[in-house]
Structures are given as structure tokens and as C-alpha cells.
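The residues making up each chain are set out below.
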Amino acid sequence: MRIAVNGNRSVLPIGPFHPLQEEPECYYLTVEGERVVDLDVRISYNHRGIEELSSRRTFDQVPYLVERVCGICSASHPLAYIQAVEAICGCEVPERAKYLRTVVAELERIHSHLLWAGLAGHFLGYNTVFMWAWRYREPVMALLEKTTGNRCTYANAKIGGIRRDIPNAMFEEILHDVESIYGPIEMLTHAVMDDPVLHARLTKIAPLSNADAKRWCVTGPTARGSGVAIDARRDFPYDAYDRIDWKMIVFEEGDVMAKMKVRMLETLEAIEIIKRALAGCPDGAIDAEVEQVPAGEAIGRVEAPRGETFHYVRSDGGRGPVRHKIRAPSYVNVPSFRASCIGQHIADVTIALAAVDPCYSCTERMAVLEKTPAGGRLADAEYLRRLSVERTRWFEKQLGIEPFDRRWGPRLQELL
Amino acid sequence: MSWKMWSLKRSLFVYHVNTGACNNCDIEILELLTPAYDVERFGITLVGSPRHADVLAVTGICTRQAAPRLREIYQATPQPCVVLCIGTCALGQGIFADTYHAGRCVDEVIREVDPGAIIAYVPGCPPKPEAMILGVVKVWKKLDELAAAAKPAPQATPVVEAARQ
Amino acid sequence: MSMNVHPSEPTEVRERHGFEQELEQPLRRAGGIRESGNDRQATYLLPVDRLVPLLRTLIDEKQGRLATMTGIDVRDGTELIYHVCFDRERFVANLKVCVPRATDAMESITPWLPGAEFIEREIHDLLGVDFPGHPRMERLILSDDWPEGVYPLRRGFRKQDVEIAIKKRQV
């Protein structure tokens, strides 16, 4: 795609291979002066043809494949596929397996939201938030490794149950570890939610109205931040979610601040869900031992950290799926940028794009280094991130408040 | 030999390239910067451009769309550099090996551009952060060896020669 | 800033069979036949020309949400399944049509439902179905050098077809 300069309008491609973004992105912004007037996205760099690969695998091999659709939503993709196949089979998953699947899914939600919080902090110039959030991801990753065998790509769920039990003897350790991070995460949540600079900086930025959220079919925190109260855990109950009391967090404003609050509070709620799931987890079998998948078709829906993961599976009674459709949450969330980012200042674009928490590999992103006709680089994500950080500094000066890192840095050092 | 060789003992600049990956390896690379592993205290830094890089940390299977970009990036990286293939996908495309949207894998694409490229491999899906650090340390040692081998013997300048006579 | 904290049980949970009965009337009017399903999801087969008006009814009047669309190459054409979620009612309706091979085209719903834009573009890329009326039908998923007319999710696709088609183009 070429950069066009037409009167006042210019097209900025954004996204170098930025060191602090796990995947580069490839958005093309058309800007007029300093305002975004259009947005387009080029995706295909991460396309690995997973649906086609799935049709050449057996039913049992597919979870290993689809947990690698995205490393951060690694529990949700196999779960959604497995749910679809279990619906075709009509089998009943043992209770213990349901509770333990819930525990792993919520651990993933915590580490995913903290990852997002850290990146958001980096984009805003709050490096303390980055270090804080990612420091407290570590115990969660360690727990995932202890319970499933890997820090990511857990391969814990299978058709009819789970592959490996989490023994009751381990519950105390899991409880202790999640309770130990509750305090620091709660502190981080309040530090961020009560921060006057962030309030000034993020309120009314990139708002997605309730009506637009519905027209763009968004899901997850992107929807719940705009007053659309949907959550697959409630609307299509699976595993132990209809056996445990839990709260869905919804804000009406639809701006970046609302989405941030949804994610931070959901992290704390996820810890509560884990505690309740472990308390209520019964003994018993972990596997319904499904031998054969009959002909049929069905869908599975799981609430991944980013929103609803939706899978469709068709079987003809053979060894593997005839057709397997995978729809990651970011696939419907990302296009809503056209509704929320148009009219925004380019200094706010980085955080506005991040607010949707696009899981890049779910939706296949990569950056392109573009040169202008004159030979220099017109813009890249690092440039836009610097604009974003400068804007934060401007708010700090306006409000006469010390930078967040200086206020909270020593406190974090104490915690560490 | 570039001046870059002489300064290697003090710091190592790493540029991260994703050629079509699931994010796992990429996130574990970022993990290295956080307090848990904190590789910056060893002088390992992630940089924002291949032009400043000593090491290209490459993840992913190298999809059709990514292959030309990977070649461009390699060519933009000053020599000597080491390509560090991180994760099973970067080693040999792993579970995605027979996908329609990928051609040759990372090391083959690099060797098309530079048959003599130095390529290191860190296997795993994803590799543990400790394994990545070990990979980087081995690469660093290799670069130091190359620097030592390339160091010219001290030579008198013409002015000094003239003064001696 | 107003926050709602919703309990996990919605205050109105309609009796599941009740809601599917509610859908029966518009489905029957559109000539739909229930093929399979359970109390939470069901698949209906519809005539291809009756789908879009029904979809509008379900989304605009019944607050349905389009989750995605699946395309499947079958012998006579391409099956398109529109997956519509009724979140409050805890039900998913999968509306299936068969687009004949002769036309390989289905009216685009993107003009009135922007969220369908990427979904239709993906099906176009991978299965070759056209969506007349789509405002931005450009390549989305496949690489810049991917040859026209080669659709990876079509039956009989082979990986070598890609290079063969590229070579043919160059000749």
C-alpha cells in the first residue's frame, strides 16, 4: 500500500516491529492534520491456514493445533472446539473436569489481562505499570506450568474431559499463590483507576457507542465497556460457570477508561472464581472417554480474555472434522476501530487501538516498514507511542501531578 | 570489520521479528525484560530497528506474506549479525509445516539471501525464558569469538615509521 | 462513571424451548426447515433468496448478534451458515443456505451490518463466493502474491496449485 499525500490528508502506516509489542501491527491511518479520518488494516502475515490443517487431522489432534492459534487465548480455542464436538457427541462431561477446566481458563484470563495492562502502561508512558503487571503474571504462569505442564499451550482439555488431573493436594498451593497476588493486583487496579492523569487522559477517548458496539458485533471487554452486557460464560454456560456465583462487569461509557476498568476488575473477579471453583470441585472421573464422534454439526462458544471465541465443527462420522471454522474474538473487535478511532487525535491512536486488546495472531497482523517518496519513514508505532507518552506528560503538567512512575515506583520496589 | 564487533562485550542489541507465529514465543521474549528475568542488567536490549541490531530474534513459520519482509529486514541488518530462530515454528514450521500459506522456513529464506548466514536455534513451543537466555548467551559467545578472530594485529602508522627512521 | 455489576444469572431467563418457538414463525415464513440441534443451538436450512430478510428481522427485531459465518464447499455449491446468537435467551440459531456453483454469489449484509465486513471478505478469499453490494471487497487473508481463482478451502485444492497458477500467470 502506498502512502498518499493529498492536500491535507496523508496515509500513515503504523507498526514497525516494535520491541515492546509482541506482534507488530499493520494499520493504515488516513490523517488530516492531526485527526484520523479513516482506518484500514492489512492482515495476512500470520495466516497459517489453520482451518484447512484441521480438516486433515483426527479429532484428538485438533486441540494441539488450535491452542496455537493464539498463545494468549490458548485455553479458549481448544475449549470452544471441544465444546462443539461434545455437542455433536451429546456426551456429558464429568463435573470434576468442568471445574478444573474453569480454573485453567480463569488463570489464563488473569495473565492475559495483566499482559494487556502492562502494554497499555507502556503505551501511556507508565513503565511502572508495565513492570508491575508483568511481574505479577509470573506466579500465574508458574501455576499454569505446575497444573498443566506448560506456561502456555496447556493441552489440558480433551473431548469428553481433561487429559490430566490436578490433584486435590495441589489446591492449597494454587489458592495460596492466587491469594498472594490479589493484594498487589488490587493495589495496581486502584492506582490506575483512581489516577487523575489517566482519568483526564483516557476518559472520552475513542468511545464506542452502545449502538455501534451492536452494529459491529463486538464481544468481550470491548462490548462490556460500551454497556453491551454479553458474556459467553453466562449466555452459553459451559464448564462450572453456571454452578459458581460470579459477577459480570459492565461499564456504559464505551471509552478507553471504561475498557480498562472492565479488564482490571475482571482480573480480580477471576481470582474469586478460581477460589470458588477449587472450593466446589468434586472428586470423581475426569474423562467421559468418548470413543467415536458421530456425524453432525454444532458450535462451541467460550469467553476468552478478549471476548467470545466461536468454533463450528462438522463431522461425517469419520476420523476428523470435515469442516472446522474458527472465529477469534479480535476478528470482530478489531474492525470496530472504524467506529471508535475516526476523529481521534493521532496521539491517542496507540492506546485506542490497544484498548480493544487485539490478539494479533488471532487476527493476523504484521507491520510493514514504509518509505515515503522522499526516502524517510513517515510514521511508525514507536513514533505514535512517543506522541502518546508526550500527551500523558502534558496532562501531568497541566494538572501539576508528578509522573506515575515517580509516585508509585518506590512502592513497587517495596513490593518486589 | 565494523566497529560493532569491538563493542559486543558491552551490550547486545536484539531486534525481534515475527514471521507468522501464535504469540507464545513473542510474549516469552518480552518476559525477558520484566523484573522476573531482567536481561537488561546483562546488557541485552531490544531495539526498534534492524539497523542497530546484532541479533535478529525470529519467531514464526515465515508465511508467504512475511517472507519478503524477512529478507528485507535481514538485508537491512548490518553484518555481522546472528539470526536466532526461536521456537519450533522458526526451526522447521512445526505443527504448521504443511500449511498452504507458507513456503520455505526461516533459515532457508535467510540462506537464500546469505548462504553464509550465522543461524542459531532455540527449540521449544514456546522455549522457556531460561532457554532463550541460554541461546542468547551462546550467540554472544559466538560473536565474541568472531570478534577475537577478526581483530587485526597492531600496525605502526606511517608517521611513527617515519619518526623511527 | 457508572458501573453495573451483573449477577451471573440474568433476571429474565426465558424458558429455552419457549424462545425457539418464538423463532418458529419467522423461520416458517422464510421457508426454513430445522435440520438438527438441542436446547441451546439448532441448525435451519433456508432457501438462499429468503435468508437476508429473515436475518434482518432476527437482528433488528429479536436482538440477535451475528457471531460469524461459515462457508463450506459442497458438491452443488457453497454452503453459508450464518451463526446468530441470542445472548439473553441463551440460544444460537445457525441459518444455512446453499449458494449454487453457477452463481457463487450471495447478497452482502455489510451495508446494514458493518460487523460482517471482514467475515464476508474472508469467505471470498478462501472459497471464492462473491458478495455483491459489499463496500470494500479486497483481499484480506491471503498474501499479496496469491493467485486469483485459487481457493484453499475448496474441495480438491492442493498446495502445488498455488505455484502452478503463479507460473501460468507469468507465462
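Residues numbered from 1 in each chain as written. Chains lettered and ligands numbered in written order. Predicted model: local features only at pLDDT ≥ 70, side-chain atom pairs only at ≥ 80, totals over all residues.

**Digging into the overall build of chain A**
The number of helices and strands found in chain A is 18 helices and 10 strands. Taking all 416 residues of chain A together, 62% fall into the buried category. Contacts in chain A between residues far apart in sequence, at least 24 positions, make up 74% of those at least 6 positions apart. (Helix = DSSP H or I, 4+ residues; strand = E, 2+ residues; numbered from the N terminus. Buried ≥ 20, exposed ≤ 12 C-beta atoms within 10 Å, placed from the backbone. Contact = placed C-beta atoms within 7 Å.)

**Some remarks on the overall build of chain C**
Scanning chain C from terminus to terminus reveals four helices and six strands. The secondary structure elements of chain C, listed N-terminal to C-terminal, are β-α-β-β-α-β-β-β-α-α. Within chain C, buried positions represent 40% of all 171 residues. Considering only residue pairs separated by 6 or more positions, chain C has 46% of its internal contacts joining residues 24 or more positions apart.

**A look at the nonpolar core**
If you look at soluble globular proteins, the nonpolar side chains tend to sit buried side by side. Judged by nonpolar contacts, the single largest core of 220 residues is most densely connected at Val55, Leu56 and Leu84 of chain B. A total of 16 residues in this core trace back to one element, the largest contributor, which is helix H4 (residues 95-124) of chain A. Once residues lying within four places of it in the same chain are set aside, the contact partners of leucine 84 of chain B are Val55, Leu56, Ala57, Val58, Ala120, Val122, Gly135, Val136 and Val139 of chain B. (Core = buried A, V, L, I, M, F, W, Y, C linked by C-beta atoms within 7 Å.)

**Digging into the sheet that holds strand S8 (residues 295-304) of chain A**
Residue and element names in this part refer to chain A. With respect to topology, three strands assemble into an open sheet ordered S8-S9-S10, the strand pairing being antiparallel. Of all the strands in the sheet, the pair left with one neighbour each is S8 and strand S10 (323-327). Here the average twist between neighbouring strands, direction ignored, is 10°. Looking at chain direction, S8 and strand S9 (residues 307-316) are connected through 10 bridges and run antiparallel. By the bridge assignment, arginine 301 is partnered in S9 with phenylalanine 310. (Pairing = 2+ DSSP bridges. Axes fitted to C-alpha atoms, helices over the stretch in contact; angles between N-to-C directions.)

**Focus: the interface of chain B and chain C**
Chain B puts five residues into the contact, and the matching count from chain C is six residues. Within the side of chain B that touches chain C, the residues separate by chemical class into one nonpolar, three polar and one charged. (Nonpolar A, V, L, I, M, F, W, Y, C, P; charged D, E, K, R; others polar.)

**Brief notes about the packing of helix H7 (residues 171-193) of chain A against helix H12 (residues 256-280) of chain A**
Residue and element names in this part refer to chain A. Closest axis-to-axis distance for the H7/H12 pair is 10 Å, and the angle between their directions is 160°. In terms of axis orientation, H7 runs roughly antiparallel to H12. By crossing handedness, the relation of H7 to H12 is classed as left-handed. Contacts between H7 and H12 involve Phe171, Ile174, Leu175, Val178, Tyr182, Ile185, Glu186, Thr189, Val192 and Met193 from the former and Met260, Lys261, Met264, Leu265, Thr267, Leu268, Ile271, Ile274, Lys275 and Leu278 from the latter. (Parallel < 35°, antiparallel > 145°, perpendicular 65-115°, else oblique. Left-handed = near helix turned anticlockwise from the far one by under 90°.)

**Digging into the environment of tyrosine 100 of chain B**
Following the sequence through the fold, tyrosine 100 of chain B ends up in the loop between helix H3 (88-92) and helix H4 (106-113). The buried category is assigned to tyrosine 100 of chain B, around which 23 C-beta atoms lie within 10 Å. In sequence terms tyrosine 100 of chain B and threonine 63 of chain B are 37 residues apart; their C-alpha atoms lie 9.1 Å from each other. The residues contacting tyrosine 100 of chain B, other than those within four sequence positions of it, are Gly49 and Glu52 of chain A together with Pro152, Lys159 and Val162 of chain C.

**Remarks on the sheet that holds strand S1 (residues 12-18) of chain B**
Residue and element names in this part refer to chain B. The parallel open sheet is built from five strands, whose spatial order is S2-S1-S3-S4-S5. The sheet is open, and its two edges are formed by strand S2 (44-46) and strand S5 (118-122), each paired on a single side. Each adjacent strand pair in this sheet contributes to an overall mean axis angle of 30°, direction not counted. Summarising the sheet, S1 and S2 pair through three bridges and their orientation is parallel. Residue pairing in the sheet places phenylalanine 13 in a bridge with threonine 45 of S2.

**Overview of the domain arrangement of chain A**
Residue and element names in this part refer to chain A. Under the domain assignment used here, chain A contains domain 1 (5-45 + 337-415) and domain 2 (50-333). The partner domain 2 presents 39 residues to the 35 residues of domain 1 that form the contact. Where the side of domain 1 that touches domain 2 is concerned, the elements lending two or more residues are helix H14 (337-340), helix H15 (346-355), helix H16 (360-363), helix H17 (381-399) and helix H18 (404-415). It is H17 that provides the largest number of residues to the side of domain 1 that touches domain 2, a total of nine residues. (Domains from an automatic or database assignment.)

**Regarding unusual backbone geometry**
Following glutamine 79 of chain B, the chain continues into proline 80 of chain B via a peptide bond in cis, with omega recorded as -5°. Along the chain, proline 80 of chain B falls in the loop between helix H2 (66-76) and strand S4 (82-86). The omega angle of the peptide bond from cysteine 125 of chain B to proline 126 of chain B is -10°, so this bond is cis rather than trans. Structurally, proline 126 of chain B is set in the loop between S5 and helix H5 (129-150). In this structure, asparagine 23 of chain B takes a positive phi of about 95° despite not being glycine. Relative to the helices and strands, asparagine 23 of chain B resides in the loop between S1 and helix H1 (24-31). What makes asparagine 23 of chain B buried here is the crowd of 27 C-beta atoms within 10 Å. Even without glycine at this site, glutamine 63 of chain C takes up a positive phi of about 55°. Mapped onto the elements of the fold, glutamine 63 of chain C is located in the loop between helix H2 (51-61) and strand S4 (65-74).

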